Amino acid sequence: MSNKNGNFSELEQKRLNIEKQIALGVWIQVIGATIEFLGIAKLREISDNPDSIPVKEILTGAGIQALGTFFEAIGVSGQITGNDNKLKLDAQKLAITGDWLQSIGAALEAAGGTGEFLEEQEKANLFVP
């Protein structure tokens, strides 16, 4: 809490600085997740089989992850800038929702990646003793 002059204690200032670094890291993740999603979408356009289930799962999963990361970033930023406890709690809920979306997206992308791998393995008809 701030003292009667409205200044933050040294510990509170350190905490705020660390929270800002975390928020910056999450926003960088938003950029990375968006770049990944757009890259996967471009690869899908030139894929031999763009309508295969695994390819769709990978793209959908990456999109859900990007959206979840965006929600998390908004939530984390809101926790730092929120003026009252209700706003901070709402921001925390949004960040947690973003985390769940990222998890769901990662699971979907992993399922698609596994399906794609199995299709490629079947095409190669490799012998593994």
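Residues numbered from 1 in each chain as written. Predicted model: local features only at pLDDT ≥ 70, side-chain atom pairs only at ≥ 80, totals over all residues. Heavy atoms only, no water.

A. Structural view of the packing of helix α2 (residues 53-81) against helix α3 (residues 85-124). One way to put it is that α2 packs onto α3 with a least axis distance of 6 Å and a crossing angle of 160°. Compared by their axis directions, α2 and α3 come out roughly antiparallel. The way α2 lies across α3 gives a crossing that is left-handed. Residues that form the contact of α2 with α3 fall into these classes: 15 nonpolar, 15 polar and seven charged. (Axes fitted to C-alpha atoms, helices over the stretch in contact; angles between N-to-C directions. Helix = DSSP H or I, 4+ residues; strand = E, 2+ residues; numbered from the N terminus. Parallel < 35°, antiparallel > 145°, perpendicular 65-115°, else oblique. Left-handed = near helix turned anticlockwise from the far one by under 90°. Nonpolar A, V, L, I, M, F, W, Y, C, P; charged D, E, K, R; others polar.)

B. Broad picture of the packing of aromatic side chains. Under the definition given, this model contains one aromatic pair. Aromatic side chains tryptophan 27 and phenylalanine 70 sit 5.9 Å apart centroid to centroid with 80° between the ring planes, which places their arrangement in the edge-to-face category. Highlighted residues: tryptophan 27 in helix α1 (residues 10-45) and phenylalanine 70 in helix α2, separated in sequence by 43 residues. (Phe/Tyr/Trp six-rings, centres within 6.5 Å; stacked < 30°, edge-to-face > 60°.)

C. Representation of the environment of leucine 101 within the structure. Take leucine 101: it is sitting in helix α3. Leucine 101 sits in the partly exposed class, given a relative accessible area of 22%. For leucine 101 and glutamate 72, which are 29 residues apart along the polypeptide, the C-alpha to C-alpha distance reads 9.2 Å. (Buried < 20%, exposed > 50% of the residue type's maximum accessible area, 1.4 Å probe, protein only.)

D. Representation of the layout of surface pockets in the model. Space inside the largest pocket adds up to approximately 520 Å³. Around the largest pocket, the lining comprises 12 residues; the ones closest to its centre are Arg15, Leu16, Glu19, Gln79 and Lys88. Residue assignment for the lining of the largest pocket shows that the elements contributing at least two residues are α1, α2 and α3. Across the lining of the largest pocket, the residue classes tally to six nonpolar, two polar and four charged. (1 Å grid on protein atoms, 1.4 Å probe; cavity = no way out; pocket = protein on both sides within 12 Å on 5 of 7 lines; lining within 4 Å. Points joined across faces, edges and corners; volume = space filled by probe spheres on them.)

Everything listed here is a matter of coordinates, which is why it stays silent on function.
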